[in-house]
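Residue strings, one per chain:
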Amino acid sequence: MEQTSESLGSLIRKGNKSSGSAAIGNTCIAVVKAAAFALTGSGSMFATMMHSIADAVNQMFVFTGSVLAEKRPTRRFPDGFGRVINLFCMVAVIVVTIMAYETMLEGFHLLKHPAEESGGYWINVIVLLLSIGADGFVWVKAMNEVLHESRIEAKGFRKFTASLKNVKRAAPPTRLVFYEDLVATSGGALAMLAVLVTAFTSFKLLDGVSSILIAFMMIGVAFRVGYDNMVGLIGVAAPPEIEDRVARIIFDDPQVTDIYQMRILQEGRYYHVEGLIELKKGMTLADADDIKFKVRDKLLADPHISDVTLGILEDNGIRNWEPKTDG
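All values derive from a computational prediction rather than experimental measurement.

Reading the values: the criteria
- Residues numbered from 1 in each chain as written.
- Predicted model: local features only at pLDDT ≥ 70, side-chain atom pairs only at ≥ 80, totals over all residues.
- Heavy atoms only, no water.
- Helix = DSSP H or I, 4+ residues; strand = E, 2+ residues; numbered from the N terminus.
- Expected span 1.5 Å × (residues − 1).
- Buried < 20%, exposed > 50% of the residue type's maximum accessible area, 1.4 Å probe, protein only.
- Arc of directions from axis to C-beta.
- Axes fitted to C-alpha atoms, helices over the stretch in contact; angles between N-to-C directions.
- Parallel < 35°, antiparallel > 145°, perpendicular 65-115°, else oblique.
- Left-handed = near helix turned anticlockwise from the far one by under 90°.
- Nonpolar A, V, L, I, M, F, W, Y, C, P; charged D, E, K, R; others polar.
- Salt bridge = Lys/Arg side-chain N within 4 Å of Asp/Glu carboxyl O.
- Contact = heavy atoms within 4.5 Å.
- Lys, Arg positive; Asp, Glu negative; His and termini not counted.

A. Region of the structure containing helix H10 (residues 285–300). Taking 1.5 Å as the rise per residue, H10 with 16 residues should run 22 Å; its terminal C-alpha atoms sit 22 Å apart, in good agreement. Listed as buried for H10 are Ala288, Ile291, Lys292, Val295 and Leu299. Axial view of H10: buried residues confined to an arc of 100°, hence all on one face.

B. Summary view of the packing of helix H4 (residues 84–112) against helix H8 (residues 205–234). Put simply, H4 and H8 touch, their axes get as near as 8 Å, and they point 165° apart. As the angle between them shows, H4 and H8 are arranged roughly antiparallel. Of the two possible hands of crossing, H4 and H8 adopt the one that is left-handed. Taken together, the residues of the contact of H4 with H8 sort by class into 23 nonpolar, nine polar and one charged.

C. View of the pattern of salt bridges. According to the stated counting rule, one finds seven salt bridges in the structure shown. Residue Arg319 is joined to Asp258 by a salt bridge in which the shortest nitrogen-to-oxygen separation is 4.0 Å. Pair noted here: Arg319 is in the segment after strand E4 (305–314) and Asp258 is in strand E2 (residues 256–267), with a separation of 61 residues, a long-range link. Accessibility expressed as a relative area gives 2% for Asp258, which makes it buried.

D. Representation of the side chain of Gln266. Residue placement: Gln266 occurs in strand E2. A relative accessible area of 8% places Gln266 in the buried class. Beyond its immediate stretch of four places on either side in the chain, Gln266 contacts Arg169, Ala170, Val236, Ala237, Ala238, Pro239 and Tyr271.

E. The arrangement of the side chain of Glu180 in detail. Considering the arrangement of structural elements, one finds Glu180 in helix H7 (residues 172–200). Among buried Asp, Glu, Lys and Arg side chains, Glu180 stands out as unpaired, with Lys33 the closest opposite charge at 12 Å. Residues contacting Glu180, with those up to four places away along its chain left out, are His51, Asp55, Asn58, Gln59, Val96 and Val221.

Dropping the structure here:
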């Protein structure tokens, strides 16, 4: 029993940190927003509250999936559990879609029946400021996680552009947190605008309009994350940058002359490498096997590569491998 608990603790520690911290943060934010909505009846606050609830539920699902995805392969499941995270992300997509539907209904209701003016708008302002700060903080952490998983270095404002450009190379949980908190931060700013405009002007329809816009942003997140994880469930090739990185590790051995063929499959945040490498002519089978195992061990030293299957051939004198990127 002790061994089982230690194993579970080890899996939890390996779980996606971005989704775990975001789940806790969004749960707290959702509770505060619910109290603010109960006091003021603001439609914009209702929309952001629904978004925070969706985020909290999603990210708890995703964190659970990321923990299970860390389980080692078994005899029954020899390829491991990497794609489990894609299944959990698909459940999260369903939750977002339902919450977006409810938010949109509330928005249309507010367009027909605008909420009565409330003197407690300042409550919404304070809550939204706290929410924007918390969501922005989680978003920045997700940016850093995207850059870390993509092995990209960036500072200052370049973090935003670099993470947006490389978010597809991050693990599914990190991608979901990145997209959701991007929408949460921008949706909070939109809700803040609606609260201030409806409090100080007679244009009360903006409350309903902002709710509908936030609902559309939630649908956008559901579509993006759903598509990415559908592709992940089918099985997707690793990005060209990953192929070139693996090739550099293989060519680092002076006995390797070429890569005859190579396939790298991405599952969750891990990669499965299969390939045929060409070695210098005149080697004995025992020496060639030693080289193969040495190259395999170098590849497995990369924390993002879960398994490697290599075959060996004698150099045929024809160059087969070409870099996939200019770098």
